[in-house]
Amino acid sequence: MEPPLAADIDGTLTRPDKSIDPRVFDAIREWDAPVVIATGKSFPYPIGLCEFLGIPLNVVAENGGAVYIEAADKVVYNGDPTGAEAVANDYLEAGYDLGWGSVDMVNRWRETELAVSREQPLEPLERIAADHGMDVVDTGYAYHVKSPEVDKGEGLKTAARLLDLYPEEFAAVGDSENDAEAFGVVGKAYAVANADETAKAAADEVTDAAFADGFLEALEKVRSGF
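Think of each chain on its own: its residues are numbered from 1, step by step along the sequence as written. In keeping with the predicted nature of the model, local features appear solely for residues at pLDDT of at least 70, side-chain atom pairs appear and are counted solely at 80 or more, and the whole-chain, interface and lining totals rest on all residues. Derived side-chain values reflect all non-hydrogen atoms in the structure, with water molecules and hydrogen atoms excluded from consideration.

Enquirer: Tell me about the sheet that holds strand E7 (residues 135–138), and name the residues and values.
Expert: Paired strands, as defined in this entry, are two strands with at least two bridges between them according to DSSP. To qualify as a helix, a DSSP run of H or I must reach at least 4 residues; to qualify as a strand, a run of E must reach at least 2; elements of each kind are numbered from the N terminus. Sheet architecture is open: three strands sit in the order E6-E8-E7, paired in antiparallel fashion. The open sheet has two edge strands, strand E6 (114–116) and E7, and neither has a second partner. Along the sheet, successive strands turn relative to each other by an average axial angle of 25°, direction set aside. Note on contacts: a residue pair is in contact if any heavy atoms of the two residues lie within 4.5 Å. Think of each axis as a best-fit line through the C-alpha atoms, taken over the contacting stretch in the case of a helix, with angles from 0 to 180 degrees between the N-to-C directions. Along the sheet, helix H3 (residues 81–93) contacts E6 and strand E8 (143–146); its crossing angle with E6, the most-contacted strand, is approximately 35°.

Below you can see the structure in the form of structure tokens.
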């Protein structure tokens, strides 16, 4: 029997060019247990992915800050949008930029945290975030400003509760330091070969293959001996 699955998007379901590898579509659709898409992205991205996959809308978004489980018909917010907004305002007032252009499609639908381009200065962002009691997490794709108590692990706990499951029943696959907390609450955690050192250290196993190839390898490992 396949266990519930928590899957990251960027660096896990994708190819090196950031596009989603279409081979993961059927693999996820055919998984015979609940699948939760757990990402640092805002709601529209994982919700859209679930819609086009044709699977239930089970989503942990914004690094655990926002959770939606379709069967529960409920959105749970774990983050602090006022803190993230204050950091954004102070960062901009200090002369820096979020790095996404005048039409910021990265933060446009974000509700509980802030994402800043990795091309922008990190030190002043960390300092300003600390002044507002917020943390900065580098996912390898953006700097995410979030509440210290919010992470994918807490988000997955919320999702599991809404699904009437325990987080320990899940297997998880990811690639970044923002996946490490989720790895800490699940029964079995897999880091793909391209994962950062934090994710690899937190995982139970590291796949031989990278990106989506690693994800597909992890699914085979789960099937053979969860």
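Enquirer: Describe the sheet that holds strand E1 (residues 5–7), naming the residues involved and giving the relevant values.
Expert: The strand order across the open sheet formed by eight strands is E5-E4-E3-E2-E1-E9-E10-E11, and the pairing between neighbours is mixed. In this open sheet, the two edge strands, each paired with only one partner strand, are strand E5 (74–77) and strand E11 (205–206). With two bridges joining them, strand E2 (residues 35–38) and strand E3 (residues 58–61) adopt parallel strand pairing. Its bridge partner being in E3, isoleucine 37 is matched across the sheet by valine 59. Helix-sheet contacts for helix H2 (residues 44–53) involve E2, E3 and strand E4 (66–69), and the interaxial angle to E3 is about 160°.

Enquirer: Let's hear about helix H5 (residues 152–162): which residues, and what values?
Expert: Of all eleven residues making up H5, eight are buried, and the element is well covered by its neighbours. Tucked inside the fold, the buried residues of H5 contact E1, E2, E3, E4, E5 and helix H6 (177–183). The backbone nitrogen of glycine 153 has a side-chain oxygen 2.8 Å away, supplied by the residue at the start of H5, namely aspartate 151. Phi for aspartate 164, located one or two positions after H5, is positive at around 60°. Between buried and exposed lies partly exposed: a residue is buried under 20% and exposed over 50% of the maximum accessible area for its type, with that area taken using a 1.4 Å probe on protein chains only. For the purposes of these results, a polar contact is taken to be a pair of N or O atoms within 3.5 Å, where, inside protein, one atom must be able to donate a hydrogen and its partner to accept one; residues adjacent in sequence count only when each atom of the pair is a side-chain atom.

Enquirer: Hey, could you go over H2 for me, with residue numbers and the actual values?
Expert: Looking at H2, one finds that the buried residues are Pro46, Ile47, Gly48, Leu49, Cys50 and Leu53. On its buried face, H2 is in contact with helix H1 (23–29), E2, E3 and E4.

Enquirer: Describe in detail unusual backbone geometry, supporting the description with residues and values.
Expert: Although it is not a glycine, glutamate 62 sits at a positive phi angle of roughly 55°. Of note, glutamate 62 is situated in the loop between E3 and E4. Even without being glycine, phenylalanine 211 reaches a positive phi, approximately 50°. Structurally, phenylalanine 211 is set in helix H8 (residues 211–225).

Enquirer: Lay out the packing of aromatic side chains in plain terms, naming residues and giving numbers.
Expert: Side-chain rings of Phe, Tyr and Trp (the six-membered ring for Trp) are treated as a pair once their centres are within 6.5 Å; stacked means planes under 30 degrees apart, edge-to-face means over 60, and tilted covers the remaining angles. For the coordinates displayed, the defined rule picks out one aromatic pair. With a centroid separation of 5.0 Å and an interplanar angle of 25°, the aromatic rings of tyrosine 91 and tyrosine 96 are classed as stacked. Here tyrosine 91 falls in the buried class, since its relative accessible area comes to 0%. Note on tyrosine 96: relative accessible area 28%, which makes it partly exposed. Should the NZ of a Lys or the CZ of an Arg lie within 6 Å of a ring centre and within 35 degrees of the ring normal, that charge is described as sitting over the ring. Looking at lysine 41, its charged tip hangs above the ring of tyrosine 45, at a distance of 4.8 Å from the centre.

Enquirer: Can you explain the pairing of E4? Please cite residues and give values.
Expert: Alternating residues of E4 divide into Ala66 and Tyr68 and Val67 and Ile69, and every residue in both groups is buried. Of the pairings in the sheet, the one linking E3 to E4 comprises four bridges and is antiparallel in character. Paired with valine 60 across the two strands is valine 67, which belongs to E4. Linking two consecutive strands that pair antiparallel, namely E3 and E4, is a turn of four residues; a positive phi of about 55° is found at glutamate 62 within it.

Enquirer: Just give me the short version of the nonpolar core, but keep the residues and values in it.
Expert: As used in this record, nonpolar core signifies buried Ala, Val, Leu, Ile, Met, Phe, Trp, Tyr and Cys residues forming a set joined through side-chain atoms within 4.5 Å. Core analysis: the largest hydrophobic core is formed by 32 residues, its most contacted members being Leu5, Leu13, Ile28 and Phe215. Mapped by element, the contributors of at least two residues to this core are E1, H1, E2, H2, E3, E4, strand E9 (171–174) and H8. For this core, the element with the highest residue contribution is H8, accounting for six residues. In contact with leucine 5, not counting residues within four places along its chain, are Trp31, Pro34, Val35, Val36, Phe170, Ala171, Val173, Phe215 and Leu219. Core analysis: the next-biggest nonpolar cluster, separate from the first, contains 23 residues, Ala6, Ala38, Ala160 and Leu163 among them.

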